[in-house]
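Here is how the chains run, residue by residue.
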Amino acid sequence: RLFDLDPDLLPLFQYNCKQFSSPEECLSAPEFLDHIRKVMLVIDAAVNHLEDLPCLEEYLCNLGKKHQAAGVKVESFSTVGESLLYMLENCLGTAFCPDVREAWTKLYDAVVKAMRRGWDALPEGV
């Protein structure tokens, strides 16, 4: 769904200097699948620390810095969020009611807000 929503994200997923010629090629690459697992680990950490999200602040801020250095635009996280909600809706079916959508949206927004601080942080020594 991610590349359907924003095909311009495909060039950001380069592994070992290899540029993917199509979304399908990227989606089947072991490196991309590993990246998705890492994304889900971040989501899992956020869910498991729901009552204490600030404990993830430094980690998420640094993750934001890494994404900025890789050329990811903050706006791209909206597309990732839409893709996450799409996947949840398809997997959960009728259990994905408006309250569940709102809870996942709030959680994802909190994660992205913390990651955005990585963009906003001034370099050390400035």
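Cut-off values and rules
Residues numbered from 1 in each chain as written. Predicted model: local features only at pLDDT ≥ 70, side-chain atom pairs only at ≥ 80, totals over all residues. Heavy atoms only, no water. 1 Å grid on protein atoms, 1.4 Å probe; cavity = no way out; pocket = protein on both sides within 12 Å on 5 of 7 lines; lining within 4 Å. Points joined across faces, edges and corners; volume = space filled by probe spheres on them. Helix = DSSP H or I, 4+ residues; strand = E, 2+ residues; numbered from the N terminus. Nonpolar A, V, L, I, M, F, W, Y, C, P; charged D, E, K, R; others polar. Expected span 1.5 Å × (residues − 1). Buried < 20%, exposed > 50% of the residue type's maximum accessible area, 1.4 Å probe, protein only. Contact = heavy atoms within 4.5 Å. Salt bridge = Lys/Arg side-chain N within 4 Å of Asp/Glu carboxyl O. Phe/Tyr/Trp six-rings, centres within 6.5 Å; stacked < 30°, edge-to-face > 60°. Lys NZ or Arg CZ within 6 Å of the ring centre and 35° of its normal.

## A short note on the layout of surface pockets
So, point 1. By volume, the largest pocket is sized at about 1,100 Å³.
So, point 2. F13, H35, I36, V39 and V80 are, among the 37 residues lining the largest pocket, the residues nearest its centre.
So, point 3. At the level of secondary structure, the elements contributing two or more residues to the lining of the largest pocket comprise α1 (2-5), α3 (30-48), α4 (57-69), α5 (76-92) and α6 (98-120).
So, point 4. When residues of the lining of the largest pocket are assigned to their parent elements, the largest contribution, ten residues, is made by α3.
So, point 5. Residue composition of the lining of the largest pocket, by class: 26 nonpolar, six polar and five charged.
So, point 6. A volume near 150 Å³ is recorded for the second largest pocket.
So, point 7. Contributing to the lining of the second largest pocket are 13 residues, with F77, S78, G81, Y108 and D109 lying nearest its centre.

## Some points on α6
Because an α-helix packs 3.6 residues into every turn, residues spaced three or four apart end up facing the same way.
So, point 1. Its 23 residues give α6 an end-to-end C-alpha distance of 32 Å, which sits within 8% of 33 Å, the value for a rise of 1.5 Å per residue.
So, point 2. Buried residues of α6: L107, Y108, V111, V112, A114, M115, G118 and W119, and no others.
So, point 3. Where α6 is buried, its residues meet α3, α4 and α5.

## Here we look at the pattern of salt bridges
Oppositely charged side chains can pair when the atoms bearing their charge come close.
So, point 1. With the rule as written, the count across this model stands at four salt bridges.
So, point 2. In this structure, D34 and K38 form a salt bridge, with 3.5 Å as the shortest nitrogen-oxygen distance. Residue D34 and its partner K38 are both found in helix α3; the two are separated by four residues, about one turn of the helix.
So, point 3. Among the residues examined, D34 registers a relative accessible area of 33% and is labelled partly exposed.
So, point 4. Salt-bridge contacts for R117 lead to E57; the nearest nitrogen and oxygen are separated by 2.3 Å. Residue R117 is found in helix α6, and its partner E57 is found in helix α4; the two are separated by 60 residues along the sequence.
So, point 5. Given a relative accessible area of 34%, R117 falls into the partly exposed group.
So, point 6. With relative accessibility at 25%, the residue E57 sits in the partly exposed group.

## So, the packing of aromatic side chains
So, point 1. Scanning the entire structure with this criterion turns up four aromatic pairs.
So, point 2. Judged by centre distance (5.8 Å) and plane angle (85 degrees), the rings of F3 and F13 are edge-to-face. With F3 in helix α1 and F13 in the loop between α1 and α2 (23-27), this residue pair connects regions lying ten residues apart in the sequence.
So, point 3. The exposure class of F3 is buried, given its relative accessible area of 7%.
So, point 4. Their ring planes at 80 degrees and their centres at 5.1 Å tell us that F13 and F32 sit as a pair that is edge-to-face. Taken together, the positions of F13 in the loop between α1 and α2 and F32 in helix α3 put the pair 19 residues apart, joining distant regions of the chain.
So, point 5. Classification of F13 by relative accessible area gives buried; the value is 13%.
So, point 6. Sitting over the ring of Y86, R1 keeps its end group 4.5 Å from the ring centre.

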